[in-house]
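Architecture at a glance
Listed below are the residues making up each chain.
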Amino acid sequence: PAPRTLLLTGAAGGVGTLMRELLPAYGYELRLLDAVPVPGAPDAIVADLADRAALREAVRGADAVVHLAGISLEAEFEKIVAANITGLHHLYEAVREEGVPRVVFASSNHAVGFTRRPREGEPPVPVDTPHRPDTFYGLSKCFGEDLAQLYWDLHGVETVSVRIGSCFPEPTSVRMLSMWLSPGDCARLLHAALTAQEVGHTVVYGSSANTRAWWDLSTARALGYAPRDDSEEFAGKLIAEKGLPEPGSADDLYLGGHFCVNPPRWPH
Ligand code: NAI
Ligand code: 15L
């Protein structure tokens, strides 16, 4: 049966706010958690990933966890370690202890950010391309994917690690034309990741069916994901406004784009 009660961590964030709106239509009951109060949700659990007891209580009885909480941009190494490494370990320990069968983990394109982006006629980047983080942030997502693999191999906790591209209401840069995951497609992808049979630990790229996509959506599609959106409708306006990336620039060369040279920093 499809999982029904979901713990959604990071519910006050950008993706969390979008998913709070869209996931209930798939029949999920959401339990929300964030380090800060979630606007309009007085019942949300306000807890830091440092708080193991709170996490254990939060996951109890849940059918699955969609784990979005954490530092979502570059930051001091120690801060990244606390939220995205130690905090992730706390979450997986809680999940293991409480017998929650599945996690969907928000990984990132920045786990492979220093990978060259394919040129015209070259194949898309596969999910088994080596990790090439572009930041400490990306490095923490590499760790997260490996932690997920360990909890599957050692403890039988299933995870779908979604290397999200750029999940925002609209793409706002030329790079995002290749990376964009529309909110509707994000909900479709999470639902596929939550309901597919026997995922073990599966890594997928998270983007819409973008004409300018750089990566391979086959493992996502194998879960049942059928994206409906394409960033191309925004291409004319964005390219006219911002121009194409300078040849040889990070935005031109690498999946991670400007994160490789001048990453935006946490907090937003
Ligand atoms: P965000 O920064 O808007 O939201 C993250 C949320 O996590 C915030 O509400 C924050 O309060 C909470 N948080 C941070 N540290 C915490 C802690 N120690 N304990 C409890 N809560 C904590 O990020 P966004 O954009 O919503 O991203 C969600 C997830 O998806 C993040 O893990 C991010 O790395 C990942 N991601 C997002 C992408 C995007 O395009 N938005 C792209 C790739 C990955
Ligand atoms: C990410 O991993 C960030 O969390 C998000 O804020 C975007 O910057 C995204 O990558 C991106 O590469 O556009």
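Residues numbered from 1 in each chain as written. Chains lettered and ligands numbered in written order. Predicted model: local features only at pLDDT ≥ 70, side-chain atom pairs only at ≥ 80, totals over all residues.

**Topic: the site of ligand 2**
Test applied: By definition, a residue lies near a molecule or strand when the C-beta atom built from its backbone is within 6 Å of it. Here the nonpolar group is Ala, Val, Leu, Ile, Met, Phe, Trp, Tyr, Cys and Pro; Asp, Glu, Lys and Arg are the charged ones; every other residue, Gly included, is treated as polar.
Residues in close proximity to ligand 2 include Ser72, Leu73, Ser108, Asn109, His110, Ser166, Met176 and Met179, which together make up its full environment. Classifying every residue of the shell around ligand 2 by side-chain character gives 3 nonpolar, 5 polar and no charged.

**Points about helix H2 (residues 52-59)**
Stated formally: Partly exposed residues are those whose C-beta has more than 12 but fewer than 20 other C-beta atoms within 10 Å; with 20 or more the residue is buried, with 12 or fewer it is exposed, and the C-beta atoms are placed from the backbone. Numbered from the N terminus, helices here are DSSP runs of H or I no shorter than four residues, and strands are runs of E no shorter than two. Think of it as the arc spanned by the lines of direction from the helix axis to the C-beta atoms. Note that contacts rest on C-beta atoms placed from the backbone: two residues are in contact if these are within 7 Å.
What H2 keeps buried is the set Leu55, Ala58 and Val59. Down the axis of H2, the buried side of the element spans an arc of 90°, and every buried residue falls inside it. Buried residues along H2 sit in contact with strand E1 (5-9), strand E2 (29-34), strand E3 (45-46), strand E4 (64-67) and helix H3 (77-98). Of the residues flanking the end of H2, it is Gly61, one or two places downstream, whose phi is positive at about 80°.

**Description of the pairing of strand E6 (residues 158-164)**
We apply this condition: In this scheme, strands are said to pair when DSSP sees at least two bridges between them.
Across the 7 residues that make up E6, a large majority, 7, are buried. A two-sided burial pattern is seen for E6, the buried positions comprising Glu158, Val160, Val162 and Ile164 on one face and Thr159, Ser161 and Arg163 on the other. When strand E5 (residues 102-108) meets E6, the two strands line up parallel, connected through 7 bridges. Among the inter-strand pairings, Ser108 is bridged to a residue of E6, identified as Ile164. In terms of strand pairing, E6 meets strand E7 (residues 201-206) through 6 bridges, oriented parallel.

**A few points about the site of ligand 1**
Around ligand 1, 23 residues are found, and the nearest of them are Gly13, Ala35, Ser72, Ala106 and Ile164. Contributing elements (two or more residues each) for the shell around ligand 1: helix H1 (14-22), H3 and E5.

**Details of the nonpolar core**
The condition that has to hold: Note on definitions: a nonpolar core is a set of buried residues drawn from Ala, Val, Leu, Ile, Met, Phe, Trp, Tyr and Cys, linked by C-beta atoms within 7 Å.
Among the nonpolar cores identified, the biggest contains 77 residues, and Val59, Ala64, Val65, Val95, Val104, Val162 and Leu190 are the most heavily contacted of them. Here this core takes 7 residues from H3, the largest share from any one element. When near neighbours in sequence (up to four residues on either side) are disregarded, Ala64 contacts Pro3, Leu6, Val100, Pro101, Arg102, Val103, Val104 and Leu194.

**Overview of the packing of H2 against H3**
Worth spelling out the cut-off: Angular values range over 0 to 180 degrees, each being the angle between N-to-C directions of two axes fitted as lines to C-alpha atoms, with helices fitted over their stretch in contact. Here is the rule for angles: anything less than 35 degrees is roughly parallel, anything more than 145 is roughly antiparallel, 65 through 115 is roughly perpendicular, and the remaining ranges are oblique. Definitions for this section: a left-handed crossing has its near helix turned counterclockwise from the far helix by less than a right angle. A right-handed crossing has that turn clockwise.
Relative to each other, H2 and H3 sit at 45°, their axes nearing to 9 Å. On the basis of the axis angle, H2 is oblique to H3. Like other packed secondary-structure pairs, H2 and H3 cross with a definite hand, here right-handed. Contacts between H2 and H3 involve Arg52, Leu55, Arg56 and Val59 from the first element and His90, Leu91, Glu93, Ala94, Val95, Glu97 and Glu98 from the second. Of the residues belonging to the contact of H2 with H3, the class tally is 5 nonpolar, 1 polar and 5 charged.

**Observations regarding the sheet that holds E4**
Ordered by their spatial adjacency, 7 strands build an open sheet running E3-E2-E1-E4-E5-E6-E7, and the pairing between neighbours is parallel. Of all strands in the sheet, those bounded by a partner on one side alone are E3 and E7.

**Concerning the UniProt feature "domain: NAD-dependent epimerase/dehydratase" (unreviewed entry) in the chain**
Let me state the cut-off plainly: UniProt positions are given in the numbering used here, feature names are shortened, and annotations may be inferred rather than shown by experiment.
Under the UniProt annotation, the feature "domain: NAD-dependent epimerase/dehydratase" (unreviewed entry) is placed at residues 7-168. A distance of 21 Å separates the end C-alpha atoms of residues 7-168, which is 36% helix and 18% strand.

**Description of the environment of Leu8**
Relative to the helices and strands, Leu8 resides in strand E1. Expressed as a C-alpha distance, the spacing of Leu8 and Asp51, which sit 43 residues apart in the sequence, is 16 Å. Other than its neighbours up to four places away in sequence, Leu8 contacts Gly16, Met19, Arg20, Leu30, Arg31, Leu32, Val66 and Leu68.

**Section: the confidence of the model for the chain**
Interpretation of the predicted coordinates at a detailed level should be avoided for regions scoring low in pLDDT. In plain terms, the rule: You can read pLDDT as the predictor saying how much it trusts each residue, on a scale of 0 to 100.
Of all residues in the chain, 99% attain a pLDDT of 70 or more, and the chain-wide mean is 97. If you check the scores for this complex, the pTM reads 0.98 and the ipTM reads 0.99.

**Thoughts on the pairing of E7**
Judged by how many residues are buried, E7 sits mostly within the fold: 6 of 6 residues are covered. Burial along E7 is two-sided: the face carrying His201, Val203 and Tyr205 and the face carrying Thr202, Val204 and Gly206 are both buried.

**Regarding unusual backbone geometry**
That bond from Trp266 to Pro267 is cis: its omega, -10°, falls within 30 degrees of zero. Looking at the secondary structure, you find Pro267 in the segment after helix H9 (250-253).

**Considerations on helix H6 (residues 183-195)**
Applicable threshold: Between the first and last residue of a helix there are one fewer steps than residues, each counted as 1.5 Å, and that sum is the expected span.
Counted at 1.5 Å a residue, the expected span for H6 with its 13 residues is 18 Å, and the 18 Å between its end C-alpha atoms agrees. Extensive coverage of H6 is indicated by the burial of 10 of its 13 residues. Within H6 the residues assigned to the buried category are Pro183, Asp185, Cys186, Arg188, Leu189, Leu190, His191, Ala192, Ala193 and Leu194. Turning to H6, the residues buried within the fold contact H1, E4, E5, E6, E7 and helix H7 (218-222).

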